Amino acid sequence: MNTLPADFTHLHVHSHNSLLGGVAALGDLVARARADGLTSLALADSNALFGAVGFARACRAAGIRPIIGLTAAVALPPEELSPDRSVALGRLVLLAADPAGYRALCRLASLYQCDPDRERRQRTGIRWDELRAALAGDAADLFALTGGRACWLERFLRAGHGAAATRYVARLGGLFGERCALAVGPDLMTPPLRPVADEIIALAGRFGLRAAAVQPVFCLEPSDRPLLRLLAAIDANCRVDAVDPGLLPDCGDAATAVEWPAPEAFAAAYADRPGLLAAAGEIAAQCGEALPDGRPIWPALPVADPVAALRHDAAAGMVARYGDPAPAAVVARLAHETDVSVAAGYAPLFLVVADAVRYARETGVPVSTRGSVANSLAAYCLGITTVDPVAHDLLFERFLNPARRNPPDIDLDFCSRRRDEVLAYIRRTYGPDRVALVSTMNTFQPRSAVRETGKARGLSEAAIDGLIEILPHGWHPDPRRRDTPTPDEVVARADPAHRDVLREAYRLVGRPHHAGLHPGGVVITPGPLTDTVPVLLSPKGFLATQYEHGDVEAIGLPKLDLLGIRALTVLADALELVGRHHPKDLTGGRDESTGNGALPAHLSGLADIPAEDEATATMLRAGETIGVFQCESDGARRTLRQLRAANVADLAVAGAFFKPGPATGGMARAFVRRYRGEEAVTYLHPALEPILGRTRGVLLFQEQVLRLAVEMPMLILQQADNLRRGMSKFQATEIDALA
């Protein structure tokens, strides 16, 4: 019986992160590797590293050693003539042997993805001088493999251009040395193509290189091959039957396998050349850990000691806000918060965020914060927030509990029209090659999948619209309450002539389509970005990471959130108009963001607006809040009318009550009656009154969840925060873990 060597693995594997060029999900690839008994696996997606971190995490969870790589589309060597008429570029697989090799991959992937003329780059590939420059002396930290059917070497040999093949191997050997291997696919071991395999093996011996058994994998099953053609058609914006063969993984050669091979059949193909299998294992064994290990990677700050700077600035802000001396309770809380933040290593995070907010206020860019950072006294003293957490009795552990493993979220909202000014300041401060936005992966959704598939299959616009019309429309934030028909049920509603198109479209749902941008994510690195993360060029000309926010944080890069909010733009414009037409009504006031002086110019006059204003209260009670941030939807306006909201405190309650949990938790009508004074307030236990008194006996705010879990008593604060997070995000696993 033919079996694979214990250390064998597949070295040329594509996932669906080879955008529109691969089918298999990362988890499915890892599961197949584990089922086949592989102890390692290489990912080599096309011209990018989008899936590298997710792949590594999936491998480690399955007990498999990840090998990080990419497949580069390389141009024809300048001195050669094309061996065929195919538009296919040459494939060259590069695998990182160590962190230096990973950095070389980051530079190469960034070179491809940052080209302003991406269409030209897709046609021409990477020139050899560009390849040499991108490697920048790190070629010895990479393994290079010729890339199968589309590789220049195999195409030269299939065309009978032996001299060109020899020159090509010499070029590879000169660049990568002994860490270059020539791939021999199983299709070349069949009698018709065996001479090509023999020539490859002979060339490897002549130049002192390895010849290795390598099967390019673009999908898991033979039944997935039609999807590869469909994706190629979508990418080329043409019909399926018009796809150029050179755009397909098999170059239009149906005899070339592109699916994951069965272990026994693969081993049998090399029965008389077992050394080829052994060589693949040897290459895998020499590829070690390459990705950053997850320890925090902070930017280089313009201060000698970030911890001392944090303590100094926070103490100065405390005096400005609470006087000198500050109340003992405030001093003790600030000391506790800074100790926890310093112990967690988050001093640089506070300083970077505080500096961005300071710049915005000094230059008149409207800025605000949202979320749990309002619970931090340190953030308040640093000028990051304008909410006094002591006065509002907010728990610091809601923002940062000692058991938290990742940096806390500090969401900064800026005027949408001027957010780019703050980003430009950050680039000037830390360096344009050290600041990047964070990408997201936009995936096929049912509607887009149907539209793209229908176009590729030649359906008319009317037929496509008809298929979209029968797709489910409803959605609920709680997955348990979504009434979603199965794909088979949806297909059954379609015209029989179009059901195959609908079935095919459903197979695309959830697969990546293209990279987009996170609405606010920003990362800053201590050195060039490509020392840590691969980047791409966004449509606005900004650099962005090729990793999504979870992957960015997994390698140790803290993500800042700088969001553009139109509501702040409207607020600033409104104040400017009032000041222009009624200047005497805006007399300036105390700046709550800095503790003294007048408000910044863009917010001048806000301090003059009374917290209790009958005209405003009348509008709130009537739900006349169209154009007011988070208060303009039909549901939000209905809630304001039901609660008869009249002030800021009522707005906070209405905003929390309108969330799915409180609104659908069974107490909605009772809460409205209690809030309006139409029903007596009762408590399940007297101990709940101090916690739930403000909200009439109803659990409404996340701080109440924390206090309830701790003070009853049930949990410690760290556990209570996990409970709160699980409830707020419908994450049953967080709650089950506390059982």
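Use the structure listed above.
All of these numbers come straight from a predicted model, not from anything done at the bench.

A. Here's a closer look at the pairing of strand β7 (residues 367-370). Residues Val367 and Thr369 line the buried face of β7, whereas the alternating positions Ser368 and Arg370 sit on a face that is not buried. One ladder, built from four bridges, connects β7 with strand β8 (residues 411-415); its direction is antiparallel. Bridge pairing in β8 links Arg370 to Asp411.

B. Here's a closer look at the pattern of salt bridges. Per the counting criterion, the structure on display carries 45 salt bridges. One salt bridge connects Arg311 with Asp339, and the closest N-O pair in it is separated by 3.1 Å. In this pair, Arg311 is assigned in helix α12 (residues 306-322) and Asp339 in helix α13 (residues 328-343), connecting sequence segments 28 residues apart. A relative accessible area of 40% means that Asp339 is categorised as partly exposed. One connected set of salt bridges, linked through shared partners, spans Asp115, Arg120, Arg121, Arg127, Asp129 and Glu130.

C. Region of the structure containing the packing of aromatic side chains. Tallied over the entire structure, the rule returns ten aromatic pairs. A ring pair is formed by Tyr322 and Tyr380, whose centres lie 6.1 Å apart and whose planes are at 70 degrees; its orientation type is edge-to-face. Placement of the pair is Tyr322 in helix α12 and Tyr380 in helix α15 (residues 377-381), with a sequence separation of 58 residues. Tyr380 shares its class with Tyr322; the two are buried. Considering the side-chain rings of Phe350 and Phe399, the 6.2 Å spacing of their centres and the 75 degrees angle between planes classify their relative orientation as edge-to-face. Here Phe350, found in helix α14 (residues 347-362), pairs with Phe399, found in the loop between α15 and β8; they are 49 residues apart in sequence, far enough to count as distant. What makes Phe350 buried here is its relative accessible area of 1%. Connected via pairs of aromatic rings, a cluster forms that spans Trp128, Trp152, Phe156 and Tyr168. The ring of Tyr380 carries Arg321 above its face, with NZ or CZ at 5.1 Å from the centroid. The ring of Phe542 is capped by Arg427, whose NZ or CZ atom sits 4.0 Å from the centre of that ring.

D. View of the side chain of His16. One can find His16 in the segment before α1 (26-35). Aside from chain neighbours lying at most four places away, what touches His16 is Gly22, Val23, Ala24, Ala25, Leu26, Arg511 and Pro512.

E. Representation of unusual backbone geometry within the structure. With an omega of 5 degrees, the peptide bond between Asp324 and Pro325 qualifies as cis. Structurally, the position occupied by Pro325 is in the loop between α12 and α13. A positive phi is found at Leu20, a non-glycine position, where the angle reads about 60 degrees. Structurally, Leu20 is set in the segment before α1. Phi is positive for Arg696, close to 60 degrees, though the residue is something other than glycine. Mapping Arg696 onto the fold places it in the loop between α28 (689-692) and α29 (702-711). For Arg696, a relative accessible area of 24% translates into the label partly exposed.

F. Spatial organisation of the sheet that holds strand β3 (residues 90-96). Taking strand neighbours across the sheet as the criterion, the six strands line up as β1-β2-β3-β4-β5-β6 in an open arrangement whose pairing is mixed. Two strands bound the open sheet, and with one partner strand each, they are β1 (40-46) and β6 (210-213). If you compare each strand with its neighbour and ignore which way they point, the axes differ by 30 degrees on average. As paired strands, strand β5 (residues 180-184) and β6 are joined by four bridges and run parallel to one another.

G. Fine view of the nonpolar core. By size, the foremost hydrophobic cluster in this structure holds 107 residues, and its most contacted members are Leu49, Leu95, Leu153, Phe176, Val184 and Tyr547. The contacts of Phe176, once residues within four sequence positions are left out, are Leu92, Leu94, Leu135, Ala139, Leu142 and Ala144. Listed in part, the 56 residues of the second largest apolar core include Val353, Leu412, Val422 and Ile426.

H. Fine view of the environment of Leu38. Within the element layout of this structure, Leu38 appears in the loop between α1 and β1. Along the sequence, Leu38 and His10 sit 28 residues apart, while their C-alpha atoms lie 8.7 Å from each other. Those residues in contact with Leu38, other than ones at most four positions away along the chain, are Phe8, Thr9, His10, Ala33, Ile64 and Trp260.

I. Quick look at helix α17 (residues 446-456). All of the buried residues in α17 are Ala449, Val450, Thr453, Gly454 and Ala456. Along the axis of α17, the buried residues cluster in a sector spanning 160 degrees; they form a single face. Check the buried side of α17 and you find it contacts α9 (225-236), α18 (461-469) and α20 (499-508). Among the residues trailing α17, Gly458 stands out with phi positive, at a value near 85 degrees.

Rules used in this analysis
Residues numbered from 1 in each chain as written. Predicted model: local features only at pLDDT ≥ 70, side-chain atom pairs only at ≥ 80, totals over all residues. Heavy atoms only, no water. Buried < 20%, exposed > 50% of the residue type's maximum accessible area, 1.4 Å probe, protein only. Helix = DSSP H or I, 4+ residues; strand = E, 2+ residues; numbered from the N terminus. Pairing = 2+ DSSP bridges. Salt bridge = Lys/Arg side-chain N within 4 Å of Asp/Glu carboxyl O. Phe/Tyr/Trp six-rings, centres within 6.5 Å; stacked < 30°, edge-to-face > 60°. Lys NZ or Arg CZ within 6 Å of the ring centre and 35° of its normal. Contact = heavy atoms within 4.5 Å. Axes fitted to C-alpha atoms, helices over the stretch in contact; angles between N-to-C directions. Core = buried A, V, L, I, M, F, W, Y, C linked by side-chain atoms within 4.5 Å. Arc of directions from axis to C-beta.

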